[in-house]
Amino acid sequence: MTEIDYVKIFKALSDEMRLKILQEIAKREEICVCKLMEEFSIAQSKLSYHLKLLLEANLIKVKPQGKWNFYSINNVLLKSIFTEEMISLLKK
């Protein structure tokens, strides 16, 4: 992993809303963007922006299905950066 990759990761994690979004995604195997919109009281454009930064940092993965996108965490990356204890805290 390059220095730029780490910068993207920690920049994405430096925002409280993105951490909350990541936690919500981590609680499930995958979640539809429509459910994330229900969970967070923010504009769709802001949610998309936060998801974009999490995707660019490779912290989450996206799977398009029809008109919706389903998001899941990138366990491989998280395990390479954080301890199991930190990952389990994320899922609470």
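Up top is the structure these notes are about.
Residues numbered from 1 in each chain as written. Predicted model: local features only at pLDDT ≥ 70, side-chain atom pairs only at ≥ 80, totals over all residues. Heavy atoms only, no water.

Below, the discussion takes up a nonpolar patch on the surface. On the surface, a cluster of nonpolar side chains totalling about 310 Å² of accessible area is made up of M1, Y6 and F10. Relative to the helices and strands, Y6 is located in helix α1 (residues 3–13). Note on Y6: relative accessible area 36%, which makes it partly exposed. (Patch = residues over 30% accessible without salt bridge, like charges linked within 9 Å, V, L, I, M, F, W, Y side chains within 5 Å. Areas by Shrake-Rupley, 256 points an atom, 1.4 Å probe, with all protein chains shown as cover. Salt bridge = Lys/Arg side-chain N within 4 Å of Asp/Glu carboxyl O. Helix = DSSP H or I, 4+ residues; strand = E, 2+ residues; numbered from the N terminus. Buried < 20%, exposed > 50% of the residue type's maximum accessible area, 1.4 Å probe, protein only.)

Here E24 lies in helix α2 (residues 16–26). Note on E24: relative accessible area 7%, which makes it buried. Here R28 takes part through its side chain, which lies 2.5 Å from a polar atom of the side chain of E24. Apart from residues no more than four positions distant in its own chain, E24 is found in contact with I31, L36, E39 and F40. (Polar contact = N/O pair within 3.5 Å; in protein donor to acceptor, adjacent residues only side chain to side chain. Contact = heavy atoms within 4.5 Å.)

Per the counting criterion, the structure on display carries six salt bridges. Note that E16 and K20 form a salt bridge whose closest N and O atoms lie 3.4 Å from each other. With E16 and K20 both in helix α2 and four residues apart, this pair spans about one turn of that helix. What makes K20 partly exposed here is its relative accessible area of 37%. Among the salt bridges present, the one from E24 reaches K27, with a minimum N-O distance of 3.6 Å. Taken together, the shared-partner salt bridges in this structure form one network comprising E24, K27 and R28.

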